[in-house]
Each structure stands twice: as structure tokens, then as C-alpha cells.
Amino acid sequence: MASSTVDSSVSDLFSSAPALQSNLEILSPDQIELAKILLENGQSHLFLHWSEPGVCDNEKLGFFDQIARLNSSYPGGLAAYIKTAKELLADSKLGKNPYDGFSPSVPSGENLTFGDENFIEMEKRGVVEARKAAFVLVAGGLGERLGYNGIKVALPRETTTGTCFLQHYIESILALQEASHKVASDGNQTDIPFIIMTSDDTHSRTQDLLELNSYFGMKSTQVHLLKQEKVACLDDNDARLALDSNNKYKIQTKPHGHGDVHSLLYSSGLLDKWLDAGLKWVLFFQDTNGLLFNAIPASLGVSATKQYHVNSLAVPRKAKEAIGGITKLTHADGRAMVINVEYNQLDPLLRASGFPDGDVNCETGYSPFPGNINQLILELGSYKEELQKTGGAIKEFVNPKYKDSTKTSFKSSTRLECMMQDYPKTLPPTARVGFTVMDIWLAYAPVKNNPEDAAKVPKGNPYHSATSGEMAIYRANSRILQKAGVKVEEPVKQVLNGQEVEVWSRITWKPKWGMIFSDIKTKVSGNCDISQKSTMAITGRNVFIDNLSLDGALIVDSIDDAEVKLGGSIKNNGWTMETVDYKDTSVPEEIRIRGFRFNKVEQLEKKFTQPGKFSLED
Ligand SMILES: O=c1ccn([C@@H]2O[C@H](COP(=O)(O)OP(=O)(O)O[C@H]3OC[C@@H](O)[C@H](O)[C@H]3O)[C@@H](O)[C@H]2O)c(=O)[nH]1
Ligand SMILES: [Mg+2]
């Protein structure tokens, strides 16, 4: 009896899609189950164009392969995806404010000032904690705003040494690992795990970059790639899945956002392994912030001292800058949370809740809301506990572009998205959620905008371009050395690719030379000065700047067992900067997007390959 009821309802179901019904014989039982899920969730249109059995059968099987992937890679499967999509699309059509009932206010957090006593303390504490950390880089994004043809982590962080972002990140993690073991009391040598979330757009190129470069010195077993899947696109408010216009046996897909990192980590089983190994912190970061590791040790120190479950790193934010605002949201019913409000939502939220001017600067010249740089430090135990409840699912949103004010059809298909910084939204009120604000010059210089768009950024707002990203490295290093007592000459202003930037001395060093300020200070002594037109690249570890006067280019490499003193007066014609136009396709893309290249006229280049004590005269 029971089975015949099921059978008749199943055949009712399939009779709503006759073209599918006539093809059932070519499908496996699993595929028929998937077909049922689709039909039960209003997707019969997917089969309208199906041909009779025997025609395009491989394409039909391919269709179900894709459906199986879409179903298994989403928490709760396609049924859950479609259900949530219908709800969010209905809310969006009604113009429902996702922050309804909440009023925004400016939260208070930790403020760190580079180089003061507290900062130095926090950095030291952070180094101690680092051996209990795992790092997670989200690098599945295409970087559409930048428009670069390669993967973003392969771009040079700066072109003095040409070190790419990924190499710099790995060398920073290794330097932290080493520094942390040095201060560890138990003598345990653990490797800091490094996870990279990729997508179909970035996976193989990320893997190739690592393999071609022997993982930039990291053990290959220390690195894990987790690939995120795209999600199905939606054609209308009924959440009908969108077919590819070139292939009616294929669903259109788009990225689901960096929020996928949580469900991927959860299902990878890594969290349990890390807990067993005694780890305590998970640090998330994005693909192109060349200054990030200046901020890591101190903010990890803050997390440990304040026992934060969640610590978001922030910098002062300019109104309308494309970075989210950290906001305190208090609900009429008394609930409150401190959370990122994404840059496209902050202005409407403020206008709707008693701030008629919306997203504007206050008397400080900055938005009163700190800017989220999307570097999150999560405490592993509470993180794991939370993910056990949610499966790693993150609150999603939908952002359809409607054809007209009736909001009945879309200009192009849309999809659900999620962001990693929305993780705290499901946390209980007892969770310790905080944030740490640092100077922009020290902590944040992403490369997100192409030259043309960067040149159009409102005056005074950061460009977030390849040009500003590289200039920020020189500025930060120059300022750090200034703080350590070196007279680094003030910068000159220059317009590159239509953007006015400060050009400081081109100073770079490897992370192992100096990870935290107290280390850097031990590397600098006497009266030192560096002129604005100078270049200094230090790739060795035990290199000491002592009574050095530099006006030109100085490049120093050394093995760890060589102790090298950089002193005396060094003057040469140095490396000059030549402007390059971003439209000049005779120049490689990674250079022309910066608007300049170096002409290596003259330099003092020294390599120390033997153990011992040396100076520049050796
Ligand atoms: O599907 C995706 C999308 C993006 N990403 C990664 O997520 C990171 C951030 O992506 P984007 O650069 O597009 O992010 P956005 O610039 O739009 O905003 C992000 O950074 C700035 C913060 O202030 C914002 O709050 C944050 O959402 C990148 O590392 C990107 O590779 C994924 O890994 N998968
Ligand atoms: Mg984006």
C-alpha cells in the first residue's frame, strides 16, 4: 500500500516534466533521486528542452553530474539552496532591510599605536601564540575589479625584489613559526598549517605556482588547498535555476563568496586535527594585502590577552571607501552585536536609521565606523563548537539587478552569496567579539582596482591599486625604520597612472630579517640616513644597519651564518623610476598596472655565502 502511494506521487511528480519522464530509463537511481529533488523544488523548466532518449544522452548524464556536485557542495543540498533563495528573493522584492529593527552605532575596540610600549608587548605575546595558529588565505576570487589576467597572489608585492604575494605570505608564516619556537618553553617544533581556499578560477594556477617554486620553502605537507565550488544561478523570483544560454544541459554558476571558507574548513576535518595538536587560533586573510603581516603579531597578542573568540582587524575608514564598516547593531529587543556592515549597505542603513547624511566623514576626516580589512582571528575551540551547530553555513544574501521597478525580472541571473566576516552573526550573546584598529600605513594596502578606476577614486580616498599597494610597502618600511632611529628622507609626490602617490625610499626586507618592531630595533644602530632616491633590499637574516649613510642602491643577500654590518657612506647612481602607461601593452601587465618600472642604473650588490663576520668592504 505504502509503496504504491509513493509510486503514484512520484509518477505525478514526473508527469509535470514529460521530457524528463521519457528519459528515466537512461538515468541511475541516484540521478532519479536528484531529479525528484529538482521537481519537488519547482525546477521542471530545466527539462523543457530535453530531447528524446538516444539524443544527447551524454549531455543529460553530464547535467546530472553537475546537479550532484551542486547538491553535495552546499550545506543542506539544492533543496536548501532553492528554499533560502526564494525567501531572500521575496525579501529583496519587498525591499526589506536586512538590518530591520537594528540601530547602528559606533563600537569601541582596541586601538594599537605602532611602536609604543603596549604595541611592543602585544607583538611579543603574538609571537608566543603564533605556534598555536593556523593561517587561512581566501584566494578563490577572480579579482574582477583589478582585471589582471593571472591569479592575484602571483602578482609582485613590490617590484624592487619582485617577490610575489604568495611567497611573502609563506615567508612571513615561516618567520613567525621560527620566532615562536625560539621563545617556546616546551621545545616542541610544530609547523604552522597554511590553508588556501581556491576556486575553479584559481586552483590550478595556485597549485602550479606553489609547485614550481617548491612551496617557497614551506613543507608541501604544511600547505592544504581547499577548492570552493560555485553555486547555481537563479533566473527569477521563484528561484528557477538558470540554464547556460549556450548549453541547455548545463546550469549557469557563479561564485558564492568567501564565506564558503567556513563550511570547507568544517568538512575538511582539519579543525579536529588542529585541536588535537593543541592549536588555538585560526587567522583568515585575503589575497593582496602586502602590509598584513605588519599587523598580525600585535593583533594575535590582543586576541590572546583579551581572550577574544573573534577579533577583526580594522583601520580608519574614509566615507564611501570600498571597505566594510565595523558597526554595533542594537535591536529593539535588546540584542546587540558588533559586525561588519558591507560597504554597499552602510550608507542605506545609516540613512534609514537617523543619520540623514548616510556614509560621511566625521570631524576626524574619517568615517566614525572603523574599516574592516577582513583579517579575522578566531579562537579555535569556540569556532569548532559553533561550526558543529551550523555546519559552517554562513548567513547569505542576494543582490539581484532588477530590470524595472516592478522587480519581477532580472537584468541577468543572480545567485546567493556569503561573506566570511558574517561568521559572528550566529554566535550566542556570550561570545567575546572584538576588533583591533591599527594605522592604515602599517596594516592595509590591498590591490583591488585597475588603474582607470583607481584614478577616479574621490580625492583623499585610498586608491587600492597596484601602484598604491607597492608604494605603501616602501612607506611602511621607511616609517618603521624612522621609528627605529634611521633618518629616512621624506617622500616626494608623483603622479603614476593618474594617481598621486607618495614615493618613499624603496626599502624592502625579508620577513626573517625583522618580523616585529623589537627585532627590527636590534638590527639598527648608530647614525643612519637614507635618501629619498635610494633603494635598499635586504634578503639576509643577520644583517645590521650601523652608521650607514645611503644615497643610491644597496642590495644585500647573506646566508644565516654570515653576520653582516651595513655601514659607511654609500653613494651611487642607484635605481631610477621610469613612468609607464597602463595602456602600453609592450610592457608586461604586472608592471604596467603600476605605472612605473625601475631602471637599474647602478648599485652596490653584495652576497655573503660563507659563515663569519663581514662588513660592506669585505
Ligand atoms: O567567492 C569568492 C570571492 C572572493 N574570495 C576572496 O575573498 C577576498 C576578498 O574578495 P574581494 O577582494 O572581492 O572583496 P571586497 O573588496 O569586495 O570586500 C572584502 O574586502 C574588503 C572588506 O572591507 C570587505 O568587508 C570584504 O568583504 C579575496 O582574497 C578573494 O580572492 C574568495 O576566495 N571566493
Ligand atoms: Mg568583491
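The rules behind the values
Residues numbered from 1 in each chain as written. Chains lettered and ligands numbered in written order. Predicted model: local features only at pLDDT ≥ 70, side-chain atom pairs only at ≥ 80, totals over all residues. Heavy atoms only, no water. Helix = DSSP H or I, 4+ residues; strand = E, 2+ residues; numbered from the N terminus. Rg over C-alpha atoms; globule rule 2.2 N^0.38 Å. Buried < 20%, exposed > 50% of the residue type's maximum accessible area, 1.4 Å probe, protein only. Contact = heavy atoms within 4.5 Å. Areas by Shrake-Rupley, 256 points an atom, 1.4 Å probe, with all protein chains shown as cover. Lys, Arg positive; Asp, Glu negative; His and termini not counted. Salt bridge = Lys/Arg side-chain N within 4 Å of Asp/Glu carboxyl O. Near = heavy atom within 4 Å. Polar contact = N/O pair within 3.5 Å; in protein donor to acceptor, adjacent residues only side chain to side chain. Nonpolar A, V, L, I, M, F, W, Y, C, P; charged D, E, K, R; others polar. Domains from an automatic or database assignment. Buried area = accessible area lost by both parts, 1.4 Å probe. pLDDT = per-residue confidence, 0-100. Pairing = 2+ DSSP bridges. Axes fitted to C-alpha atoms, helices over the stretch in contact; angles between N-to-C directions. Core = buried A, V, L, I, M, F, W, Y, C linked by side-chain atoms within 4.5 Å.

1. Notes on the overall build of the protein chain
Next up, step 1: Looking only at helices and strands, the protein chain features 18 helices and 33 strands.
Next up, step 2: Expected size for 618 residues packed as a compact globule is a radius of gyration near 25 Å; at 27 Å, the protein chain falls within 12% of this value.
Next up, step 3: Here the protein chain holds 618 residues, and the buried ones make up 54% of them.
Next up, step 4: Of the contacts formed within the protein chain by residues at least 6 apart in sequence, a portion of 71% connects residues at least 24 apart.
Next up, step 5: Just so you have it, the protein chain exposes about 26,500 Å², and 48% of that area is on carbon and sulfur atoms.

2. Describing the side chain of Lys606
Next up, step 1: For Lys606, the location among the structural elements is in strand E32 (residues 604-608).
Next up, step 2: Within the buried set, Lys606 has no salt-bridge partner at all; the shortest N-O distance to an opposite charge, 7.4 Å, is to Asp618.

3. Let's talk about the site of ligand 1
Next up, step 1: Neighbouring ligand 1 are 22 residues, the closest being Arg145, Gln228, Glu342, Tyr343 and Asn372.
Next up, step 2: Between Gly140 and ligand 1, the recorded distance is 2.7 Å, taken from a backbone N or O atom to an oxygen atom.
Next up, step 3: The backbone of Gly141 places a nitrogen or oxygen atom 2.9 Å from an oxygen atom of ligand 1.
Next up, step 4: The fraction of the free accessible surface of ligand 1 (670 Å²) that becomes covered by protein chains is 88%.
Next up, step 5: Of the residues belonging to the shell around ligand 1, the class tally is 7 nonpolar, 11 polar and 4 charged.

4. Re the domain arrangement of the protein chain
Next up, step 1: For the protein chain, the domain assignment lists domain 1 (14-73), domain 2 (91-448) and domain 3 (453-617).
Next up, step 2: Relative to domain 3, the C-alpha centre of domain 2 lies at a distance of 29 Å.
Next up, step 3: With 42 residues of domain 2 at the contact, the number on the domain 3 side is 38 residues.
Next up, step 4: Roughly 3,300 Å² of surface becomes buried between domain 2 and domain 3 when both sides are summed, with 64% attributable to carbon and sulfur atoms.
Next up, step 5: When the area that domain 2 buries against domain 3 is broken down by residue, the three leading residues are Thr159, Thr160 and Trp441, summing to 21%.
Next up, step 6: For the pair domain 2 and domain 3, the number of links is 2 salt bridges.
Next up, step 7: Glu171 is the salt-bridge partner of Lys510, the closest N and O atoms lying 3.1 Å from each other.
Next up, step 8: Along the contact surface separating domain 2 from domain 3 lie 10 residue pairs in polar contact (both at pLDDT 80 or more).
Next up, step 9: Put simply, the parts of the chain that give the side of domain 2 that touches domain 3 at least two residues each are helix H6 (117-130), helix H7 (165-183), helix H11 (292-306) and helix H14 (440-443).
Next up, step 10: Looking at which element gives the most residues to the side of domain 2 that touches domain 3, the answer is H7, with 7 residues.
Next up, step 11: Of the residues assigned to the side of domain 2 that touches domain 3, the class counts are 19 nonpolar, 12 polar and 11 charged.

5. Some points on the confidence of the model for the protein chain
Next up, step 1: Looking at the protein chain, the pLDDT average stands at 95 and 98% of residues meet or exceed 70.
Next up, step 2: Note on residues 1-6: pLDDT is under 50 here. Beyond four places in sequence and across chains, it has 0 contacts.

6. Notes on the sheet that holds strand E28 (residues 553-558)
Backbone-to-backbone hydrogen bonds join strands into a sheet, with any given pair of strands oriented parallel or antiparallel.
Next up, step 1: Read across the sheet, 4 strands follow the order E23-E26-E28-E32 without closing on themselves; strand pairing throughout is parallel. The open sheet has two edge strands, strand E23 (506-509) and E32, and neither has a second partner. Averaged over all neighbouring strand pairs, the angle between strand axes comes to 5 degrees, with direction disregarded.
Next up, step 2: On top of the sheet, helix H16 (residues 466-483) reaches E23 and strand E26 (535-538); it is set at about 80 degrees to E23, its chief contact.

7. Description of the nonpolar core
Next up, step 1: Within the largest apolar cluster, 66 residues are counted, with the highest numbers of intra-cluster contacts made by Leu481, Met536, Ile545, Leu548, Leu554 and Leu566.
Next up, step 2: By residue number, the principal contributor to this core is H16, which donates 7 residues.
Next up, step 3: Counting the residues that make up this core, at least three belong to each of domain 2 (91-448) and domain 3 (453-617).
Next up, step 4: Once you skip the residues sitting within four places of it in the chain, Leu566 turns out to touch Ile538, Val543, Phe544, Ile545, Asp546, Leu548, Leu554, Val556 and Leu616.
Next up, step 5: Among the nonpolar cores identified, the runner-up in size contains 42 residues, and Leu146, Tyr148, Ala304 and Ala466 belong to it.

8. Observations regarding the pairing of strand E1 (residues 102-105)
In regular strands, side chains alternate between the two faces of the sheet.
Next up, step 1: Residue alternation in E1 divides its side chains into a buried set, Phe102 and Pro104, and an unburied set, Ser103 and Ser105.
Next up, step 2: Pairing of E1 with strand E13 (residues 325-331), which is carried by 4 bridges, proceeds in the antiparallel orientation. If you follow Pro104 over to E13, its bridge partner there is Leu329.

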